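If you want the building blocks of each chain, they are given just below.
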Amino acid sequence: MNNFKELSFKTVTYIASLFTIVVLLGIIFSIFLGGTPVFQYVSLTKFLSSPSWHPTHDPPDFGILSLIIGSLLVTAGALVISIPLGLGSAIYISEIASQRVREILKPIIELLAGIPSVVYGLFGMAFLSPFLIRIFKIPTGLNIFSASIILGLMVVPIISSLSEDALSSVPKSLREASLALGANKWETIIRIVVPAAKAGIISSIILGFGRAVGETMVVLMVAGGAAQIPSNIFQPVRPMPATIAAEMGETVIGSPHFYALYGIAIILFVITFISILITEFIVMRKKR
Amino acid sequence: MLFLKNTMKKILYYILSIMVLLTFTCSGKIKKIKIAGSTTVLPIIQAAAEEYVNLHPDTDISVRGGGSSIGILSIINQIIDIGSASRPVNKQEIEMLKNKNRDLIETAIALDAISIIIHPENPVENLTLVQLQKIYSGQIENWLALGGKDQKLVVISRDTPSGSFAVFNEIVLEQKKVRSDALMLASNNAVATNVAVTPGAIGYVGIGYVNEQVKLISISGIKPETESIMNRAYPLTRELFMYTLASTRSLAQEFIDYLLAEQGQQIVEKQGYIRIKPAGLRQ
Amino acid sequence: MTRTRKLQALLGTSLLKLFIALTAIFLILFLYVIFSRGGKMINWEFLTQSPRRYMTEGGIFPAIIGTFWLTVLSIGFALPLGIFTAVFLTSYARPSWLVRIIRVSINTLAGVPSIIYGLFGLTVFVQFFKFDVSLLSGALTLGVLAMPVIINASEEAIRSVPPDFREASLALGATERQTILRVILPTALPNILTGTIISIGRVAGETAPILFTAATFYTRLLPTSVMDEVMALPYHIYALMTEGSHAAKQVPIAYGTAVVLLALVLLVSTVAIIIRYRLRKKKKW
């Protein structure tokens, strides 16, 4: 009897864990099922390399190059903002701030990570965009620049909290040895602590990249939505998640356009999946 | 530890009792009408739903956007009771209906004019369809060419799958491709909001979305007004539709009848659209 | 030489301070804009009434309740699954190739963009299981999204229970199952729950996953079954900004809704963080 209970409990935990695999396979299966039929209408190379996205035109153009570039530019912009700010605050919190300040700042950053993206989107659309038009005298406030600022702001807490974890897990003896050898605090931080925490810092940046590239509401509300290859950062773009969110509701299920949107989801998934594998690889190599 | 367990238990009790309370207060026999579809028709339906529910407390209406295609598709698949659309059903959808052996009933409930709006400080008052085509297909870059100030054009359009775009595409663009640097926004309100804050902007929205913060201009001298829309003189006039299935009508039909009656048509007007039935005329 | 080194150190530290100050300024500006514009909307009526006069007056009560149910149901779905998975990973964890696959799955799920969760929910729950657009579809989609967060929080909590506890229990003759259920989980539970509560913020604030699975623009009454469409706070903000036709009156309501959503998320997380803080201080082992 007792044995049976043991076994059934163990089985339940097994099944629960297998469920994570099932869900992941379910996600992969559903986007590939929905996305692969698009390649009856357009070749994979054309899908990826043509910048012309006119899904409802007759005949339609399903080229997502401009959407991919839009996503990458906005994400790059976000990282340009969030890496110095996130990493800077992580180093400050972990190495310079007093115990007291640290205990206040750490939970605040954790709190900020939970701010809903739609609220950031509201801020970008109703406040930042008109503000930028006034300051820079640009034709539109919905562009790469403003989307990058908002996304960057969103990613700061992610990079900051994960990098901070990595920095504070660097053994104290390393710091003490460096200081004992006559290095000052700043040199210790830059030459010893940061390099020692390199793996964790890089994975935090990659995670931030994944978050930014997949974020939907902010780019839907703030990036402007023009499917073009931009010539400067004050031009609007149409990142991949925004395209899916904006057009999914308006397509007929089973139409080429519908498949094309799932096709975009495949590309988006592949990009995030690769970034996740890279972090896995870094963590694994570090463990060795 | 003990203190913590107790507070957690307390919190749990509170949550549970709130849940039970809510479930009890809102149980009871309530008829539901589910409506989904065009974002252009949305304000009319939402307003009418409010009034209708006031008159019929035993009915609740859920109003969802999504877009014209979602509305028509959902009604074909019997997921909802009424589908709304800012365009008539297309060939593909008629095909689908045939396959499922279902009959769709189409009711036009209001008229809409796709209205061309610009920033309020822009002096331009009128454009022709040809000029509009040139603007949206990318042949004109500056307001100077249109009789305005020396200012770069910011072209704002609706997303290509939207019903508004479909009409605009047919009448203005005549199947030319929209310029690639046009801002493609997902909703009428997003277009209106952005035209209002962008000095060089031009955009188009359903007439219900025109507000004081943007400037409405005429096409070839005709402004979208009640008269020019009702006699279809304004070139970008269109009908807004509600679709129901012949098999599952009764409750949905009551709501549509309400919309077509005087009270419903007044709501249509109040939302800024144009009534489909002349005032004072009984059904 | 020492002078340049000192100067470098000074410059470096000031740069760090500048970065953290910039972050703070950004965030304070952000919070200030949201709270100052939305704060004045908040009153009793706003919190307890349905929208009125074409969504230009009245409150957001149905959206609050919708978000409440979406959150409770999704956590109710994800929490047991998450805890069991964590138990597996900490106590059984065999065979090791399976554990590796499960870990990669969890990490991948944690990084999948929320819009893809939305498509998954649309394909699986709305279309395949025919739950339609409903509270149920939305809650399941959000639950799946919350799972990796809950698993990680639970695993961390279980790992922080000292191994002596397990060994003592096993030495006294308790079985593995009894040890887990009576010793390890009760000890780890407060930490699991605080971790979960923090994940509530993510669930309650997500828009993209419920876009095609649960959210509706307007319904006056509250949901009576899990098959109803519901209003939700994050979607309400998005809908007012994009689908409303009375911008002058609806943008302030959107700000007000944002304040409610922010306050809820921040409040719930703050409580969790405070509880965790006390817990750590009290920890006797």
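Owing to the predicted nature of the structure, the values given are computational and were not obtained by experimental measurement. Each chain carries its own residue numbering, running from 1 in the direction its sequence is written. Here the convention is simple: chains get letters from A, ligands get numbers from 1, in the order in which they are written. Restriction of local features to residues with pLDDT of at least 70 applies here, the model being predicted, together with a cutoff of 80 or more for giving and counting side-chain atom pairs; totals for whole chains, interfaces and linings are based on all residues. Hydrogens and water are ignored here; the side-chain numbers use all heavy atoms of the structure.

Visitor: Which parts of the structure should I look at to understand the overall build of chain B?
Guide: What chain B contains, in helices and strands, is 10 helices and 12 strands. A burial count over chain B gives 56% of its 283 residues as buried. A sequence separation of at least 24 residues applies to 72% of the contacts in chain B between residues at least 6 apart. Surface accessibility follows the Shrake-Rupley procedure with a 1.4 Å probe radius. Residue values consider only the protein chains on display as shielding. For chain B, the accessible surface area stands at approximately 11,800 Å², while carbon and sulfur atoms represent 56% of it. Each helix is a run of H or I in the DSSP string that is no shorter than four residues. Each strand is a run of E no shorter than two, and both are numbered from the N terminus. Three labels apply to residues, based on accessible area from a 1.4 Å probe with only protein chains included: buried if under 20% of the type maximum, exposed if over 50%, partly exposed otherwise in between. The contact criterion used throughout is that any non-hydrogen atoms of two residues lie within 4.5 Å.

Visitor: So what exactly am I meant to see when it comes to helix H4 (residues 96–111) of chain C here?
Guide: Owing to its 3.6 residues per turn, the α-helix aligns residues three or four sequence positions apart on the same side. End to end, H4(C) covers 23 Å across 16 residues, agreeing with the expected 22 Å (1.5 Å per residue, within 8%). Residues of H4(C) that are buried: C:Leu98, C:Val99, C:Ile102, C:Ser105, C:Ile106, C:Thr108, C:Leu109 and C:Gly111. Buried-residue contacts for H4(C) involve helix H1 (2–35) and helix H12 (256–287) of chain A together with helix H3 (61–92), helix H5 (114–128) and helix H6 (135–159) of chain C. Under the convention used throughout, the expected extent of a helix is 1.5 Å for every residue step, that is, one less than its residue count.

Visitor: Honestly, the interface of chain A and chain C in this entry has me stumped. Any pointers?
Guide: In many reports, interface size means the accessible area that the parts give up when they come together. Across the boundary between the two partners, chain A contributes 72 residues, which contact 81 residues of chain C. Buried area adds together the accessible area that both of two parts lose upon being put together, with accessible area traced by a 1.4 Å probe. Summed over both partners, the interface of chain A with chain C comes to about 7,000 Å²; 79% of that surface belongs to carbon and sulfur atoms. For the chain A face of the interface with chain C, the top three residues by lost area are A:Phe9, A:Leu122 and A:Trp186, together amounting to 9%. We define a salt bridge as a contact between a side-chain nitrogen of Lys or Arg and a carboxyl oxygen of Asp or Glu at a distance within 4 Å. Across the contact surface, chain A and chain C share three salt bridges. C:Arg5 is paired through a salt bridge with A:Glu187; the nearest N and O atoms lie 2.7 Å apart.

Visitor: Would you mind showing me how to read the packing of aromatic side chains here?
Guide: How two aromatic rings sit relative to each other is set out by the distance from centre to centre and by the angle between their planes. Any Phe, Tyr or Trp ring, taking Trp's six-membered ring, that has another such ring centre within 6.5 Å forms a pair; planes under 30 degrees apart are called stacked, those over 60 apart edge-to-face, and the others tilted. Using the criterion set out here, one finds 27 aromatic pairs over all chains in the structure. Plain terms: the ring middles of A:Phe39 and A:Phe47 are 5.5 Å apart, the flat faces sit at 90 degrees to each other, and that makes the pair edge-to-face. On the basis of relative accessible area, A:Phe39 is assigned to the partly exposed category, the value being 30%. By relative accessible area, A:Phe47 is classed as buried at 0%. Centroid distance C:Tyr235 to C:Tyr238: 6.3 Å. Interplanar angle 55 degrees. Geometry classified as tilted. Linking C:Tyr235 with C:Tyr238, this pair stays in helix H10 (residues 233–243), spanning three residues, or about one helical turn. There is no split in this pair, since C:Tyr235 and C:Tyr238 are both buried.

Visitor: Is there a simple way to explain the domain arrangement of chain B in this structure?
Guide: Residues and elements named next belong to chain B. As used throughout, domain bounds are those supplied by an automatic or database domain assignment. In terms of domains, chain B is made up of domain 1 (32–111 + 237–282) and domain 2 (112–230). The distance between the C-alpha centroids of domain 1 and domain 2 comes to 27 Å. Each partner contributes residues to the interface: domain 1 has 17 residues there, and domain 2 has 16 residues. Buried area between domain 1 and domain 2, summed over both chains or domains, comes out near 1,400 Å², and the portion from carbon and sulfur atoms is 57%. Of all residues in domain 1, Thr237, Arg238 and Ile274 give up the largest surface area on contact with domain 2, accounting jointly for 41% of the area buried on that side. Among the salt bridges present, the one from Asp112 reaches Arg238, with a minimum N-O distance of 3.0 Å.

Visitor: Help me understand the nonpolar core in this model?
Guide: In a soluble, globular protein the nonpolar side chains are often hidden away together inside. Grouping buried Ala, Val, Leu, Ile, Met, Phe, Trp, Tyr and Cys residues that are joined through side-chain atoms within 4.5 Å yields what is termed a nonpolar core. Membership of the largest hydrophobic core comes to 251 residues, with the highest contact counts inside it found for B:Ile116, B:Ile135, B:Tyr136, B:Ile202, B:Phe255 and C:Ile34. If you tally residues by element for this core, the top one is H3(C), at 15 residues. A domain split of this core shows at least three residues from each of domain 1 (32–111 + 237–282) and domain 2 (112–230) of chain B. Within the second largest apolar cluster, 13 residues are counted, among which are B:Ile76, B:Ala85, B:Leu97 and B:Tyr243.

Visitor: Would you mind going over the interface of chain C and chain B with me for this structure?
Guide: Facing 39 residues of chain C, the contacting portion of chain B comprises 40 residues. Both faces combined, the contact of chain C with chain B buries some 3,600 Å², and carbon together with sulfur accounts for 57% of it. Where chain C touches chain B, the interface holds two salt bridges. Across the pair B:Lys32 and C:Asp228 runs a salt bridge, and its minimum N-O distance is 3.9 Å. Pairs of N or O atoms are called polar contacts if they sit within 3.5 Å, as long as, within protein, a hydrogen donor faces a hydrogen acceptor (for residues adjacent in sequence, only side-chain-to-side-chain pairs). On the surface where chain C and chain B come into contact, there are nine residue pairs in polar contact (both at pLDDT 80 or more). Counting only elements with at least two residues in the side of chain C that touches chain B, the list comes to strand E1 (51–52), H3, helix H8 (176–205), H10 and helix H11 (247–282) of chain C. Classifying every residue of the side of chain C that touches chain B gives 23 nonpolar, seven polar and nine charged. Residues are sorted three ways: Asp, Glu, Lys and Arg are charged, Ala, Val, Leu, Ile, Met, Phe, Trp, Tyr, Cys and Pro are nonpolar, and all the rest, Gly among them, are polar.

Visitor: Would you explain a nonpolar patch on the surface in this entry?
Guide: All names here are of chain A. Patch definition: residues above 30% relative accessible area lacking any salt bridge, with like charges linked at up to 9 Å and the nonpolar side chains Val, Leu, Ile, Met, Phe, Trp and Tyr linked at up to 5 Å. The grouping of Phe32, Val270, Ile274 and Ile278 at the surface amounts to a nonpolar patch, some 310 Å² of accessible area in total. If one sorts the elements of the nonpolar patch by residue count, H12 sits on top with three residues. Within the secondary structure layout, Ile274 lies in helix H12.

Visitor: Explanation requested: the packing of H1(A) against H3(C) in the structure shown.
Guide: A pair of packed helices is characterised by two quantities: the angle between their axes and the separation of those axes. Note on geometry: axes are C-alpha line fits, over the in-contact stretch for helices, and angles between N-to-C directions span 0 to 180 degrees. Relative to each other, H1(A) and H3(C) sit at 110 degrees, their axes nearing to 8 Å. Taken together, the axis directions place H1(A) and H3(C) in an arrangement best described as roughly perpendicular. Seen from H1(A), the contacting residues are A:Phe9, A:Lys10, A:Val12, A:Thr13, A:Tyr14, A:Ala16, A:Ser17, A:Phe19 and A:Thr20; seen from H3(C), they are C:Phe77, C:Leu81, C:Phe84, C:Thr85, C:Val87, C:Phe88 and C:Tyr92. Across the contact of H1(A) with H3(C), the residue classes break down as 11 nonpolar, four polar and one charged. Each angle gets one of four labels, with under 35 degrees taken as roughly parallel, over 145 as roughly antiparallel, 65 to 115 as roughly perpendicular, and the rest as oblique.

Visitor: Would you explain the confidence of the model for chain B in this entry?
Guide: Any region with low pLDDT has predicted coordinates that should not be read closely. Per residue, pLDDT captures the predictor's confidence, and it can take any value from 0 to 100. In the predicted model, chain B carries a mean pLDDT of 83, and the fraction of residues at 70 or more is 87%. Here the predicted complex carries an ipTM of 0.91, next to a pTM of 0.88.

Visitor: Help me understand the pattern of salt bridges, please; the structure alone is not making it clear to me.
Guide: Taken as a whole and judged by the stated rule, the model has 25 salt bridges over all chains. Of the charged contacts, one joins A:Asp61 and B:Lys177 as a salt bridge, the two residues approaching to 2.6 Å between their closest N and O atoms. Residue A:Asp61 is located in strand E2 (residues 61–62), and its partner B:Lys177 is located in the loop between helix H6 (163–173) and strand E7 (183–185); the two belong to separate chains. One connected set of salt bridges, linked through shared partners, spans A:Arg238, A:Glu247 and B:Asp159.

Visitor: Just to check I follow, could you spell out the side chain of C:Ser137 for this structure?
Guide: Residue and element names in this part refer to chain C. The residue Ser137 is located in helix H6 in this model. Of note is the side chain of Ser137, whose polar atom sits 2.7 Å from the backbone oxygen of Asp132. Sequence-distant contacts of Ser137, that is, excluding residues within four places in its chain, are made with Phe125, Val126, Phe131, Asp132 and Thr213.

Visitor: Hey, could you run me through unusual backbone geometry in this one?
Guide: Generally, phi is negative for residues other than glycine and the peptide bonds are trans, each holding for most cases. Residue and element names in this part refer to chain C. Here the bond from Arg94 into Pro95 is cis, since omega is -10 degrees, no more than 30 degrees from zero. Within the element layout of this structure, Pro95 appears in the loop between H3 and H4. The backbone of Lys130 shows a phi angle near 55 degrees, a positive value even though the residue is not glycine. One non-glycine residue with positive phi stands out, namely Asp132, at about 55 degrees. Relative accessible area serves as the criterion here: at 23%, Asp132 is assigned to the partly exposed category.

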